[in-house]
Amino acid sequence: MTHAQDVDLGRFLVRPALATDIDALERFAIASAYGITTLPSDRAALLERLSRSARAFDNRDAATGDEIYLFVLEDVRGHRVIGTSGIAASAGLGRHFFSYRNEYVVHSGAEAGGHMRAHTLNLCQDLTGATLLTSFYIEPEYEGTPAAQLLSRARLLFIAQFPERFAERIAAESPGLADERGHCPFWEAVGKKFFGMDYPEVERLAVGRTKPFIGQLLPQSPLYVALLPQEAQWAIGQLHPVADLPFSILEDEGFDSDTYVDIFDAGPISDARVSTLRTVRSSRLARASIAAPGSKDSSEAPRTWHLAATARLDHFRAVIAQVPEAAIEVGVEIAQRVGASPHALLRIAPLMDTEAGAGREHV
Amino acid sequence: MSDWIIRREVSSTESGSEWKLRALEDDEERGSLCIKLPGIQPAARFWYRVGVTSHGAPEIGIHRLQRTLTLCSDLIGTIELAQPEARDVLTASLLLHAAQFWLGLESQPGHVFLEMAAFTHAVSPGTASSRLDARFFDEISRHFLPAGRSSLEESATTWPGHLTGLLPRHPIFLSLLSAELNAVMGKPAADMAHWVEALRWHRLVPDAWLNVLDGGPVYQGQLVDELQSARAAPREVHAAAASRPDARPPETVLVQDADGEVLHLMPAWMDGDRIAFAGDFARANQGLRRSCMTIRLPERT
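First, a word on what this report is: a plain description of the structure on this page. (Residues numbered from 1 in each chain as written. Chains lettered and ligands numbered in written order. Predicted model: local features only at pLDDT ≥ 70, side-chain atom pairs only at ≥ 80, totals over all residues. Heavy atoms only, no water.)

### What to know about the overall build of chain A
(1) Moving on: From N to C terminus, chain A includes 10 helices and 15 strands.
(2) Moving on: Sorting the 363 residues of chain A into buried and exposed places 57% on the buried side.
(3) Moving on: With the model as given, the accessible surface of chain A reaches about 14,800 Å², and the carbon-plus-sulfur share is 50%. (Helix = DSSP H or I, 4+ residues; strand = E, 2+ residues; numbered from the N terminus. Buried < 20%, exposed > 50% of the residue type's maximum accessible area, 1.4 Å probe, protein only. Areas by Shrake-Rupley, 256 points an atom, 1.4 Å probe, with all protein chains shown as cover.)

### Details of the interface of chain A and chain B
(1) Moving on: Counting residues at the interface gives 32 residues for chain A and 29 residues for chain B.
(2) Moving on: Per-residue buried area on chain A facing chain B is highest for M116, Y224 and L227 of chain A; these three make up 25% of the total on that side.
(3) Moving on: Joining chain A to chain B, the criterion identifies zero salt bridges.
(4) Moving on: Linking chain A with chain B are six residue pairs in polar contact (both at pLDDT 80 or more).
(5) Moving on: Contributing elements (two or more residues each) for the side of chain A that touches chain B: β4 (99-108), β5 (115-124), α4 (185-195), α6 (212-217) and β8 (223-224) of chain A.
(6) Moving on: A per-class count over the side of chain A that touches chain B returns 21 nonpolar, seven polar and four charged. (Contact = heavy atoms within 4.5 Å. Buried area = accessible area lost by both parts, 1.4 Å probe. Salt bridge = Lys/Arg side-chain N within 4 Å of Asp/Glu carboxyl O. Polar contact = N/O pair within 3.5 Å; in protein donor to acceptor, adjacent residues only side chain to side chain. Nonpolar A, V, L, I, M, F, W, Y, C, P; charged D, E, K, R; others polar.)

### Overview of the packing of helix α3 (residues 147-161) of chain A against helix α8 (residues 244-253) of chain A
All names here are of chain A.
(1) Moving on: Relative orientation of the contacting elements α3 and α8 amounts to 50°, with a least axis distance of 10 Å. The angle between α3 and α8 falls in the class oblique. Considering the relative orientation of α3 and α8, their crossing is right-handed. For the pair α3 and α8, contact is made by A148, Q149, S152, R153 and L156 and by L245, I249, L250 and E253, respectively.
(2) Moving on: Class assignment of the residues belonging to the contact of α3 with α8 gives a composition of five nonpolar, two polar and two charged. (Axes fitted to C-alpha atoms, helices over the stretch in contact; angles between N-to-C directions. Parallel < 35°, antiparallel > 145°, perpendicular 65-115°, else oblique. Left-handed = near helix turned anticlockwise from the far one by under 90°.)

### Things to note about the packing of helix α1 (residues 22-31) of chain A against helix α2 (residues 43-58) of chain A
Residues and elements named next belong to chain A.
(1) Moving on: In contact at an axis separation of 10 Å, α1 and α2 are set at 125° when each is read in the N-to-C sense. In terms of orientation, α1 lies oblique with respect to α2. In terms of crossing hand, the pair formed by α1 and α2 is right-handed. Of α2, the residues touching α1 (which contributes I22, D23, L25, E26 and A29) are R43, L46, L47 and L50.

### So, helix α1 (residues 89-105) of chain B
All names here are of chain B.
(1) Moving on: Look at α1: 24 Å from first C-alpha to last across 17 residues, which is about the 24 Å you get at 1.5 Å a residue.
(2) Moving on: Counting buried positions over the 17 residues of α1 gives 16, a clear majority of the element.
(3) Moving on: Looking one or two places after α1, you find S107, whose phi comes out positive at around 55°. (Expected span 1.5 Å × (residues − 1).)

### Here we look at α8 of chain A
Because an α-helix completes one turn every 3.6 residues, residues spaced three or four positions apart along the sequence face the same direction.
All names here are of chain A.
(1) Moving on: For α8, a buried count of seven out of 10 residues is recorded, marking the element as mostly surrounded by other parts of the structure.
(2) Moving on: Regarding α8, the residues found buried are L245, P246, F247, S248, I249, L250 and E253.
(3) Moving on: Looking one or two residues beyond α8, the residue adopting positive phi is G254, at roughly 110°.

### Remarks on the pairing of strand β3 (residues 80-88) of chain A
All names here are of chain A.
(1) Moving on: For β3, a buried count of eight out of nine residues is recorded, marking the element as mostly surrounded by other parts of the structure.
(2) Moving on: The pairing of strand β2 (residues 68-75) with β3 spans eight bridges and is classified as antiparallel. The partner of L73 across the bridge, within β3, is G83.
(3) Moving on: Once β2 ends, the chain turns through four residues before running back antiparallel as β3, passing H79 with a positive phi of about 50°.
(4) Moving on: Pairing of β3 with strand β6 (residues 131-138), which is carried by five bridges, proceeds in the antiparallel orientation. Looking at the pairing, G83 lines up with I138 of β6. (Pairing = 2+ DSSP bridges.)

Shape descriptors only; they carry no functional weight alone.
See the structure below:
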């Protein structure tokens with residue numbers, strides 16, 4: 001784990017992804033060949049996603065819900081893109097988004113002399129319409145730094161700032177257990193029996209669990225977990241190691257990962273109410289200081305590490321910065337780093353003490 | 001020919017009445033069968049019905065049929081044949097004919113079923129197989145019992161009535177179960193071979209149901225033919241020598257004796273409303289009307 005004081009945090013900036021970031025995104029897609037279905041290793045598909053994202057950021061009219069927002073993390077010292085993350089405004093575009101819900105059916109009877117708690121998986125569309133956090137990838141050398149938090153949580157500041165564009169419910173899929181060859185124990189035991197095809201092929205067809213054929217092929221009745229092969233039972237809710245970092249950030253935010261799992265690999269699907277998330281709850285608006293460039297912030301209040309983001313849709317930027325606790329103004333240097341004009345509003349939230357990089361340093 | 005009789009003992013139970021049929025060859029018991037006649041309010045019973053669901057997605061050109069097990073009570077109210085014991089297929093068939101005889105004679109419904117113990121693989125040498133040794137019990141049933149195997153007596157042959165509330169209420173997809181279980185599901189225990197053959201002889205077949213405890217097959221069908229000609233009917237008894245009109249070979253006949261609870265298996269010659277026997281039976285019953293039914297038995301194996 002790398003602490004805030006060990007890294008020059010001023011070098012990290014999250015901004016909307018641009019068409020010119022295509023090479024970096026393609027690099028990430030290849031590097032994350034397994035696990036991030038929303039980051040296809042197909043240049044044309046990536047360009048299409050970048051284009052959709054650009055339209056979403058440019059659209060100042062009422063959102064329709066089919067927007068996706070792609071962000072990149074930039075190391076501004078070297079002008080190098082080192083990570084990406086995204087948001088899909090509405091899972092399944094408000095039509096279909098399939099998942100399995102963990103349920104426990106209690107079988108009992110007055111004369112049964114006991115009861116049985118049977119774990120079942122129920123095909124559901126509970127998360128249809130929920131906002132989805134997607135496409136998280138950060139280059140391995142930055143994984144242990146607070147930059148990972150910035151990349152993930154900047155999305156929540158964005159959502160907190162533009163709530164009308166998103167659902168009150170939010171979710172994030174994490175990849176489940178599978179090996180390098182695409183062998184997935186849960187898929188082999190369950191999905192393959194109904195689809196009759198290999199895992200990579202169904203991933204290509206299913207497009208983010210949104211296709212109606214999923215509901216036509218998978219059983220509508222609950223599956224008894226105890227009757228599945230042991231290997232498949234173990235895989236339910238298990239996380240692929242590549243997703244440890246983004247998953248732990250979501251856990252720290254307050255996401256619940258016990259209710260839903262993916263229909264194909266049984267990886268956990270984390271979900272929450274947006275208003276309950278730590279970043280959203282702890283975020284506040286602060287105004288950029290009008291002090292002259294280069295002048296020091298004169299506040300005597302102890303300063304802690306924060307995430308700070310602009311409040312503009314067409315110019316969203318987020319950085320890590322030191323901000324006096326409970327301040328309603330932030331230093332002009334921060335405003336300059338995010339390209340905000342004097343008096344502009346910034347949304348700030350404290351950096352968390354997390355496995356992903358501690359930020360609780362008073363200076 | 002040996003002297004065969006089938007003796008019936010009738011008793012009443014809370015859920016109906018019960019007949020115990022015993023087949024004796026020269027006074028030695030060769031097998032038995034219990035016939036359970038449901039009462040007005042039969043007890044709750046469950047089976048798995050093997051069904052098929054169709055899952056199709058024209059959009060991607062996939063259509064698959066899935067076999068399922070669904071809990072049901074379809075056979076409640078049907079006459080049950082139970083506790084089958086027989087040393088050979090002839091005895092088993094004879095007991096089924098006897099059941100057919102009395103059911104037909106007493107105008108009972110002719111549709112019956114019989115739950116067969118399931119095939120089991122791993123039984124230690126020298127020990128009797130238990131229904132709890134069945135792979136089905138291990139992969140399915142035990143997961144719905146609070147204390148697994150110890151919830152049941154070792155001799156359990158069916159799901160205990162007081163635990164019916166624990167049975168799974170949702171369909172079970174067979175494709176999600178192991179290939180090994182799929183291979184043996186619905187197969188009868190090896191020591192039931194005589195009964196399997198006899199049931200087939202009587203056109204009772206394993207159909208759409210399985211025992212909920214061990215997944216053993218449920219044979220069912222119409223034991224008593226709807227046709228009156230295949231039922232027991234009273235005929236006037238005569239001595240064979242007097243009434244035998246020609247050199248026809250005798251038919252195999254079950255004939256009811258005077259007290260009604262014993263059937264004799266004998267060769268006889270039918271002639272309209274008359275039946276001719278050789279030996280003591282004809283002499284003792286000469287001129288009396290006795291219920292008779294011609295039967296056909298499989299080879300003794």
